Amino acid sequence: KDRIISFITRMANFFARFREQSGIWFSRALIILVLLFLFFVAGGGVSHKSKWQILEVNVIGASAVPADKVRALAMDKILGNYFLVYARNNSHLFPVGEINQTLLSAFPRIASVSVGRTDEHSITINISERKPYALWCGEKQITKDCWFIDETGFIFDKAPIFSKGVYMEVYGRLVEKNPGEALRASVPFDRFVTANTFAKLLGSKVGKPYLISLKQEGELEVTIFASSKYPFLSDTSIRFKDESTPETLIKNLLSAIPVQFPNNVAPMKKLQYIDMRFGNKVIFGFEN
């Protein structure tokens, strides 16, 4: 009985001390929270000081992209406050990531953007624009509804009508970011790289290419616009496989042309295509 009474007494003392300590901890925690809140609010007040207010947005590198629209979007993103307290237009606190993402989403022509603080009252937006490299003109050679693509095959703007040979024309199915929309879509990267690498080699060693066709079933085609070295190759299409190596293709082609056309003599019939889909074989196809 005495042991039970002693145990109950000890437990009562323990809970009494626990309540006392809890009260102290709670009071301390409450004081800390109040101090943190006061610092938070005070910091927000400091952030609104005019000495750090952004008054000017400089835009560098914008040519095709309207600089005034870039500036307006950036100014829109620095309106208001963070957490209802901290000024977004503070030159030390402005939302760099939001501005970057907004501009990249609004202007497909922008390849990259960086935003930084210039001084206490201004920030600078540096823009790198995509350069027109070629035209994507549909899956098949039917219409001339063309779009600009950069060197990676990314579609970033609608293109006007150009004369044949001004830009490389690319045909083939797109990898679409938004189904049914060409803007922000791209041609299949690996296939385009293979065909474009071969087209560049043709341009330096054979003649100027003007058309790339990314056909189905793993087949590619590059068409030559004109060749001062081999005039009979004008408007000739060269067919090859996706897995082909561009350097091997050009080597085999340069070896086969002198054999098929000794002394660079033009054929009696119009050369229509060169088929290189069968290993190292080079097959020349003529009009009937």
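Look above for the structure.
For clarity, every value in this text was computed on a predicted model and none was experimentally measured. Every residue gets a number counted from 1 within its own chain, in the order that chain's sequence is written. For this predicted model, a pLDDT threshold of at least 70 governs which residues receive local features, and a threshold of 80 or more governs which side-chain atom pairs are given and counted, while totals over whole chains, interfaces and linings are taken from all residues. With hydrogens and water stripped out, all remaining heavy atoms of the structure feed into the side-chain values.

Undergrad: It is not clear to me how the nonpolar core should be interpreted in this structure. Could you clarify?
TA: It is characteristic of soluble globular proteins that their nonpolar side chains tend to be buried jointly. Membership of the largest hydrophobic core comes to 38 residues, with the highest contact counts inside it found for Val 170, Leu 202, Ile 212, Leu 233, Ile 238, Phe 240 and Leu 253. Going along the chain from the N terminus, every DSSP run of H or I of four or more residues is numbered as a helix, and every run of E of two or more is numbered as a strand. A per-element tally of this core places helix α4 (residues 189–205) first, with 6 residues. For this analysis, residues touch if any pair of their heavy atoms sits within 4.5 Å. Not counting the four nearest positions on each side in its chain, Leu 202 is found in contact with Gly 207, Val 222, Ile 224, Ile 238, Ile 250 and Leu 253. Think of a nonpolar core as a cluster: buried Ala, Val, Leu, Ile, Met, Phe, Trp, Tyr and Cys residues, connected wherever their side-chain atoms sit within 4.5 Å. Any residue under 20% of the maximum accessible area for its type is buried, any over 50% is exposed, and the rest in between are partly exposed; the area is computed with a 1.4 Å probe on protein chains only. Judged by nonpolar contacts, the second largest core, of 17 residues, contains Ile 54, Val 70, Ile 110 and Ile 123.

Undergrad: Help me out: how do you make sense of the packing of aromatic side chains in this one?
TA: Centre-to-centre distance and the angle between the planes together describe a pair of aromatic rings. When two rings of Phe, Tyr or Trp (its six-membered ring) have centres within 6.5 Å they constitute a pair, described as stacked for plane angles under 30 degrees, edge-to-face for angles over 60, and tilted for the intermediate range. Inspection of every chain in the model, using the stated rule, returns 10 aromatic pairs. Ring geometry for Tyr 230 against Phe 232: centres 6.1 Å apart, planes inclined by 55°, an arrangement best described as tilted. The buried category is assigned to Tyr 230, whose relative accessible area is 9%. Put simply, the rings of Tyr 230, Phe 232, Phe 261, Phe 284 and Phe 286 pair up and form one aromatic cluster. Charges are assigned to positions over rings by a cutoff of 6 Å between ring centre and Lys NZ or Arg CZ, combined with an angular limit of 35 degrees from the ring normal. In this structure, Lys 158 packs its charged tip against the face of Trp 147, placed 5.4 Å from the ring centre. Just above the ring of Tyr 273 sits the side chain of Arg 239; from NZ or CZ to the centre is 4.0 Å.

Undergrad: Help me understand the sheet that holds strand β1 (residues 56–60), please; the structure alone is not making it clear to me.
TA: Hydrogen bonds between backbone groups are what pair the strands of a sheet, and the pairing can be parallel or antiparallel. What the 3 strands build is an open sheet, ordered β1-β5-β4; its pairing is mixed. The open sheet terminates on both sides in strands that have one partner only, identified here as β1 and β4 (110–119). If you compare each strand with its neighbour and ignore which way they point, the axes differ by 20° on average. By this definition, two strands are paired if DSSP reports at least two bridges between them. The pairing of β4 with strand β5 (residues 122–129) spans 8 bridges and is antiparallel. If you follow Ser 112 over to β5, its bridge partner there is Ser 128. Between N-to-C directions, angles cover 0 to 180 degrees, with each direction set by a line fitted to C-alpha atoms, over the stretch in contact for helices. On the sheet, helix α2 (residues 67–77) packs against β1 and β5 and is oriented at approximately 140° with respect to β1. Across the sheet, helix α3 (residues 96–106) is in contact with β4 and β5; its angle to β4 comes to roughly 150°.

Undergrad: Before we go on, may I ask you to explain α3 in this structure?
TA: For the α-helix, the turn length of 3.6 residues means that residues three or four positions removed from each other point alike. Taken together, the buried positions of α3 are Ile 99, Asn 100 and Leu 103. Around the axis of α3, the buried residues are gathered within 100° of arc, so they sit on the same side. The directions considered for the arc are those from the helix axis to the C-beta atoms.

Undergrad: What's the story with the pattern of salt bridges in this structure? I'm lost.
TA: A side chain with one charge can pair with a side chain of the opposite charge if their charged atoms come near. Any carboxyl oxygen of Asp or Glu within 4 Å of a side-chain nitrogen of Lys or Arg constitutes a salt bridge here. Counted under the stated rule, the structure contains 12 salt bridges. The partner of Glu 139 in a salt bridge is Arg 173, and the shortest N-O contact between them spans 3.8 Å. Of this pair, Glu 139 sits in the loop between β6 (134–136) and β7 (147–149) while Arg 173 sits in the loop between β9 (168–172) and α4, and the two are 34 residues apart along the sequence. Arg 173 sits in the partly exposed class, given a relative accessible area of 49%. One connected set of salt bridges, linked through shared partners, spans Glu 219, Asp 275 and Arg 277.

Undergrad: Is there a simple way to explain the sheet that holds β6 in this structure?
TA: The strand order β8-β7-β6-β9-β10-β11-β12-β13-β14 describes an open sheet built from 9 strands, whose pairing is mixed. Each edge of the open sheet is held by one strand with a lone partner, namely β8 (155–158) and β14 (283–286). When the angles between neighbouring strand axes are averaged without regard to direction, this sheet yields 25°. Across 3 bridges, the pairing between strand β12 (residues 237–241) and strand β13 (residues 271–275) is parallel. The residue bridging Arg 239 from the neighbouring strand is Asp 275, located in β13.

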